Amino acid sequence: MGVFYGRLPAMLLAAALLVTPAVAQEAGGDGRLTIGLSQYPGTLHPNIDAMAAKYYVLAMTNRPISHFDHNWEPACFLCKELPTLENGLVERETLPDGSEGLAITLEIHPEATWGDGTPVTTEDVAFTLEVGKHPQSGIANAEMYRRILELRVHDEKRFTLLTDRVTFQYNVFADLRLLPAHVERAIFEADPESYRNRTAFDADPTNPALAWGPYRIVEVTPGAEIALEPNPTWFGKPPAFDRIVVRAIENSAALEANLLSGSIDMIAGELGLDVDQALALEPRLRGNYKIDYTPGLVFEHIDLLLENPLLADRRVRQALLYAIDRQAISERLFGGKNPVADSNVSPLDWVHSKDIPHYDYDPEKAIALLEEAGWKELRSGVRHNAAGEALRLDFMTTAGNRSRELLQQVLQSQWREVGIDTIIRNETPRVFFGQTLDRRNFGALALFAWLSAPEQVPRSTLHSEEIPSEGNGWRGQNYTGFSDPVMDELLEEIERELDPKARQVLWQQLQQIYAEELPALPLFWRASPQVIPSWLEGVRPTGHMVSASMWVEEWRRAD
């Protein structure tokens, strides 16, 4: 059997590097901005599902209480002042069982008002917590709500949350996006278990009462585009554009064509072109656009369904990674701008460790591991075990993403060289993210990316309590089904450790386990090219999970 040593298939490489001359046109009329995304949100509910397309839109309409800013530091978005142990708004408190929690006092911005004029108040906080704590509501980050033991209301704007533990990121409430109680309560109380399918955020998305940010949704074409206009009750800096249209174009070639034809003004880096596509497009822009290649915490990887018997053996998972020439792919497809990932922690994050297993391209090692695991017999180039089973795996990703589909073909070719067969079964992003991943129906391999925050503890993707199932209302994002008591304990310890040096040691242990066990195959740390028209100012990528649209009120047309 031949062994593939770092050469990309010639046909695929030629397709990746093809550049067709074209003339880029300046687009956009005064007061309007049209943004191209590669996905359409599966839901517009702030707290159901974790999909980047949704968060990109909601960053303009319904922001979290607090999150990370451009400097990778916690910052208020809905709160008046960021609570800290130092300013007295956070206090340690002994709980009834003798353990220690935190009493965190927050104040909603005094001028915060829903788009229909109803003030944003602690009633909304109480309702949001009620929904989040319901076992069948479908809320994505159920663990955050479980940790909030008590809500103490002081007045209409000020409240205290009592948490069940001390954690180092105690003042980041990225997943606490308030719901308007005066709109959603009746829908929720009518049938909590079907609430996720009846929420006004999807059934009545243009209701102005759903937004408190600088914009509100005024028009929706399901699966295609969302139009936004300024929210008259917004308390911050007035936004510059009279209308913003977020248009979903799930085929990346069509996304480029729409930019060059002037149908859209910009392509969002958060969900737009991959690096290879941006590099190929750049010579065709003729100076009318600028491309920002800000590196970030975007983890391109392949989730492995560990319940699949073919993937249960760690040696098979390691062989899959040894058989991929990730460095050659990074250099030849992505111009070296997507560095190879060794674990789920980025080198840009201060807790990244170099002292973990590395998987350089080694097809001979891959073959040895496969044979050691019992996959010794080759039939028509595919490995079989003693029971006659073929090492054949379903391989899924988002249909229409040209870069991912090309990457799929390269990986399929390299795995075939060591006797692993894959069957590509792709789906539209809405189905793939909204149903297949959530229900863990991807069969074997699922190629996608996680966007994270600085030093974000990966509890939702690695803790055994976060495995989605019908019994828990499909909560959690541990789609692989990874279950390891040592990992569970590490995740708990990291969150509770306030001393950075001690925490770094725990992070190293976490990365060691991840690299050895490989619940997912780490591929690259993706740059996120923002294709911005030369006439647009103020768009600043963060490099982490918070989209640039969180500061949309700073975007302006250049004079």
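Residues numbered from 1 in each chain as written. Predicted model: local features only at pLDDT ≥ 70, side-chain atom pairs only at ≥ 80, totals over all residues. Heavy atoms only, no water.

### Some points on the state of the cysteines
This is how it is decided: The term disulfide is used for any two cysteine sulfur atoms that are within 2.5 Å. A 1.4 Å probe rolled over the protein chains alone gives each residue an accessible area, and that area as a share of the maximum for its type sets the label: buried under 20%, exposed over 50%, partly exposed in between.
Evaluated as defined, the whole model comprises one disulfide. Disulfide pairing places cysteine 76 opposite cysteine 79 at an S-S distance of 2.0 Å. Of note, the bridge from cysteine 76 to cysteine 79 carries an S-S torsion of about -110 degrees and is left-handed in sense. On the accessibility criterion, cysteine 79 (5% relative accessible area) is buried.

### Examining the pairing of strand β7 (residues 158–163)
To be explicit about the condition: Strands here mean DSSP runs of E at least two residues long; helices mean DSSP runs of H or I at least four residues long; both are numbered from the N terminus. For two strands to be treated as a pair, DSSP must find at least two bridges joining them.
Judged by how many residues are buried, β7 sits mostly within the fold: five of six residues are covered. When strand β5 (residues 100–107) meets β7, the two strands line up antiparallel, connected through six bridges. Its bridge partner being in β7, alanine 103 is matched across the sheet by leucine 162. Pairing of strand β6 (residues 148–153) with β7, which is carried by five bridges, proceeds in the antiparallel orientation. In the strand pairing of β7, glutamate 150 is matched with leucine 162. From the end of β6 to the start of β7, which pair antiparallel, there are four residues.

### Side note on the sheet that holds strand β18 (residues 445–451)
Note the threshold: Every axis in this analysis is a line fitted to C-alpha atoms, fitted for helices over the stretch in contact. Angles between the N-to-C directions lie between 0 and 180 degrees. Contacts were defined at the residue level, with two residues in contact if any of their heavy atoms lie within 4.5 Å.
Taken together, five strands build an open sheet; the order of strands is β17-β16-β18-β13-β19 and the sheet is mixed. Either end of the sheet is taken by a strand with one partner, and the two such strands are β17 (421–424) and β19 (520–527). Adjacent strand axes in the sheet meet at a mean angle of 30 degrees, parallel and antiparallel pairs treated alike. Two strands pair when backbone bridges link them, and strand β13 (residues 295–304) and β18 are joined in this way by seven bridges, in the antiparallel orientation. Residue pairing in the sheet places glutamate 300 in a bridge with alanine 449 of β18. Contacting β13, β16 (392–396) and β19, helix α10 (residues 314–322) crosses the sheet at an angle of about 35 degrees to β19.

### A look at unusual backbone geometry
Of note, the phi angle at arginine 286 is positive, near 55 degrees, even though the residue is not glycine. Relative to the elements of secondary structure, arginine 286 occurs in the loop between α9 (275–281) and β12 (289–292).

### Side note on the nonpolar core
Here is the rule we go by: Buried residues of nine kinds, namely Ala, Val, Leu, Ile, Met, Phe, Trp, Tyr and Cys, make up a nonpolar core once their side-chain atoms join them within 4.5 Å.
Core analysis: the largest hydrophobic core is formed by 71 residues, its most contacted members being Ile302, Ile329, Trp415 and Leu445. The element contributing the most residues to this core is β19, with six residues. Not counting chain neighbours up to four residues away, the residues in contact with leucine 445 comprise Ile302, Asp303, Leu304, Leu311, Leu393, Asp394, Phe395, Met396, Trp415 and Thr422.

### Regarding the pairing of β13
Counting buried residues in β13 gives nine out of ten residues, a clear majority hidden from the surface. Looking at chain direction, β13 and β19 are connected through six bridges and run antiparallel. Its bridge partner lying in β19, glutamate 300 is registered against phenylalanine 524.

### Some words on the packing of aromatic side chains
Selection criterion: The pairing test for Phe, Tyr and Trp rings, Trp by its six-membered ring, is centres within 6.5 Å, and the orientation test on the planes gives stacked under 30 degrees, edge-to-face over 60, and tilted for anything in between. Either the NZ atom of lysine or the CZ atom of arginine qualifies as a charge over a ring when it sits within 6 Å of the ring centre and within 35 degrees of the ring normal.
In total, this model carries 16 aromatic pairs according to the counting rule given. Measuring from ring centre to ring centre gives 6.0 Å for tryptophan 212 and phenylalanine 235, while their planes differ by 0 degrees; the resulting arrangement is stacked. Highlighted residues: tryptophan 212 in the loop between α7 (200–203) and β8 (215–221) and phenylalanine 235 in the loop between β9 (225–230) and β10 (243–248), separated in sequence by 23 residues. Each member of the pair, tryptophan 212 as well as phenylalanine 235, carries the same accessibility label: buried. Counting every residue linked through ring pairs, the aromatic cluster contains Phe432, Phe433, Phe448, Trp450 and Tyr479. It is lysine 337 that lies over the ring of tyrosine 293; its NZ or CZ is 4.7 Å from the centre. Against the face of phenylalanine 168 rests arginine 503, its NZ or CZ located 3.9 Å from the ring centre.

### Considering the pattern of salt bridges
Side-chain pairs of opposite charge can arise whenever the charged atoms involved come near each other. Condition: In the sections that follow, a salt bridge refers to a side-chain nitrogen of Lys or Arg positioned within 4 Å of a carboxyl oxygen of Asp or Glu.
Enumeration according to the criterion identifies 40 salt bridges in this entry. Put simply, glutamate 229 and arginine 243 hold a salt bridge, and the shortest N to O gap is 2.9 Å. Of this pair, glutamate 229 sits in strand β9 while arginine 243 sits in strand β10, and the two are 14 residues apart along the sequence. Judged by its relative accessible area of 15%, arginine 243 is buried. Here arginine 503 and glutamate 455 are joined by a salt bridge, their closest N and O atoms 2.5 Å apart. Remark: glutamate 455 occurs in the loop between β18 and α15 (459–462) and arginine 503 occurs in helix α17 (residues 500–517); sequence separation between them is 48 residues. You can call glutamate 455 buried: its relative accessible area is 6%.

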